[in-house]
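Next come the chains, spelled out residue by residue.
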Amino acid sequence: GENVGLHLPTLSVQEGDNSIINCAYSNSASDYFIWYKQESGKGPQFIIDIRSNMDKRQGQRVTVLLNKTVKHLSLQIAATQPGDSAVYFCAENQGYSTLTFGKGTMLLVSP
Amino acid sequence: DVKVTQSSRYLVKRTGEKVFLECVQDMDHENMFWYRQDPGLGLRLIYFSYDVKMKEKGDIPEGYSVSREKKERFSLILESASTNQTSMYLCASRLGGTYNEQFFGPGTRLTVL
């Protein structure tokens, strides 16, 4: 939504830098995790996912790291571009079909 | 290309009106969801449905109801709209099972005056 970025922690980076966005999840029994990107005025879009039996997964310019010991998830974006500016949030699968979402982090990329 | 569509991008209603928000998915997904998104509160689940004519309450169902008469369509109903229901409403769908992503619609920005 238009104001989804209000009250969120913000990460400001320069174009070309690598970005790391962090997420603490709540349930040690969660078995599947997703990162979403939400641009202003749009619905969330899938970026990358990871199962709990993995600790790292790579996509195009993105990497997700999972640390089950401390219940921590991170999203790394390589060579960040202005088009990456958005709100990013993680989701964990706790039950059969429902996801629980984090509050999100706003990423601002300066040219 | 998979798609979740919502009937309106912007909607303005008056207090006390009955409001219908429609969502359609073309992926033959079993599960469909309605969320509201507010600054500082994130995504909150209102209702979900795992099959036709089935519905389950989410975290904040009060003031809302839902209808799922066909697999592809999931409607959110505000029986008597109130100003505190002004929000962004997001519909989503997901294939059954654990390791499947959830697809979102573009959202409906509802303002209740």
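Reading the values: rules and limits
- Residues numbered from 1 in each chain as written.
- Chains lettered and ligands numbered in written order.
- Predicted model: local features only at pLDDT ≥ 70, side-chain atom pairs only at ≥ 80, totals over all residues.
- Heavy atoms only, no water.
- Helix = DSSP H or I, 4+ residues; strand = E, 2+ residues; numbered from the N terminus.
- Buried < 20%, exposed > 50% of the residue type's maximum accessible area, 1.4 Å probe, protein only.
- Polar contact = N/O pair within 3.5 Å; in protein donor to acceptor, adjacent residues only side chain to side chain.
- Contact = heavy atoms within 4.5 Å.
- Buried area = accessible area lost by both parts, 1.4 Å probe.
- Salt bridge = Lys/Arg side-chain N within 4 Å of Asp/Glu carboxyl O.
- Nonpolar A, V, L, I, M, F, W, Y, C, P; charged D, E, K, R; others polar.
- Core = buried A, V, L, I, M, F, W, Y, C linked by side-chain atoms within 4.5 Å.
- Pairing = 2+ DSSP bridges.
- Axes fitted to C-alpha atoms, helices over the stretch in contact; angles between N-to-C directions.

Description of the side chain of Gln 6 of chain B
Residues and elements named next belong to chain B. Mapped onto the elements, Gln 6 comes out in strand β1 (residues 4-6). We classify Gln 6 as buried; its relative accessible area is 9%. A distance of 3.0 Å separates a polar side-chain atom of Gln 6 from the backbone nitrogen of Gly 107. For Gln 6, the contacting residues outside a window of four places in its chain are Glu 22, Trp 34, Tyr 89, Leu 90, Cys 91, Gly 105, Pro 106, Gly 107 and Thr 108.

Remarks on unusual backbone geometry
Residues and elements named next belong to chain A. Within the chain, Lys 71 stands out as a residue other than glycine whose phi angle is a positive 55°. Along the polypeptide, Lys 71 turns up in the loop between β6 (62-67) and β7 (72-77). Here Lys 71 falls in the partly exposed class, since its relative accessible area comes to 27%. Residues other than glycine seldom take positive phi values, yet Ala 79 does so here, at roughly 50°. With respect to the helices and strands, the residue Ala 79 is situated in the loop between β7 and β8 (86-93). Classification of Ala 79 as partly exposed rests on a relative accessible area of 36%.

Notes on the interface of chain B and chain A
In this assembly, 27 residues from chain B lie in contact with 25 residues from chain A. Across the chain B to chain A interface the summed buried area is about 2,100 Å²; carbon plus sulfur atoms make up 57%. Inspection of the chain B/chain A interface yields zero salt bridges. The interface formed by chain B and chain A includes four residue pairs in polar contact (both at pLDDT 80 or more). Tallied by class, the residues present in the side of chain B that touches chain A amount to 13 nonpolar, 10 polar and four charged.

Concerning the nonpolar core
Residues and elements named next belong to chain B. Formed by 21 residues in total, the largest nonpolar core has its most connected members in Trp 34, Ile 46, Leu 76, Leu 78 and Tyr 89. Put simply, the parts of the chain that give this core at least two residues each are β3 (19-25), β4 (31-38), β5 (42-49), β7 (64-70), β8 (73-78), β9 (87-94) and β11 (108-112). In this view, Ile 46 contacts Trp 34, Tyr 35, Arg 36, Lys 57, Gly 58, Asp 59, Ile 60, Pro 61, Tyr 64, Leu 76 and Tyr 89; residues no more than four positions away in its chain are not counted.

So, the sheet that holds β8 of chain B
Residue and element names in this part refer to chain B. Strand order in the open sheet formed by four strands is β1-β3-β8-β7, and the pairing between neighbours is antiparallel. Lying at the two open borders of the sheet, with one neighbouring strand each, are β1 and β7. On average, adjacent strands in this sheet sit at an angle of 20° to one another, irrespective of strand direction. In this sheet, β3 lies alongside β1 in antiparallel orientation, the contact comprising three bridges. Paired with Val 4 across the strands is Gln 25, a residue of β3.

Let's talk about the pattern of salt bridges
Residues and elements named next belong to chain B. Summed over the entire model, instances satisfying the criterion amount to eight salt bridges over all chains. Measuring nitrogen to oxygen at the nearest pair gives 3.1 Å for the salt bridge that ties Lys 71 to Asp 28. Note that Lys 71 is positioned in the loop between β7 and β8 and Asp 28 in the loop between β3 and β4, a separation of 43 residues in sequence. Across the pair Arg 44 and Asp 38 runs a salt bridge whose closest N-O atoms are separated by 2.8 Å. Among the residues examined, Asp 38 registers a relative accessible area of 11% and is labelled buried. Connected via shared salt-bridge partners are Arg 36, Asp 38 and Arg 44.

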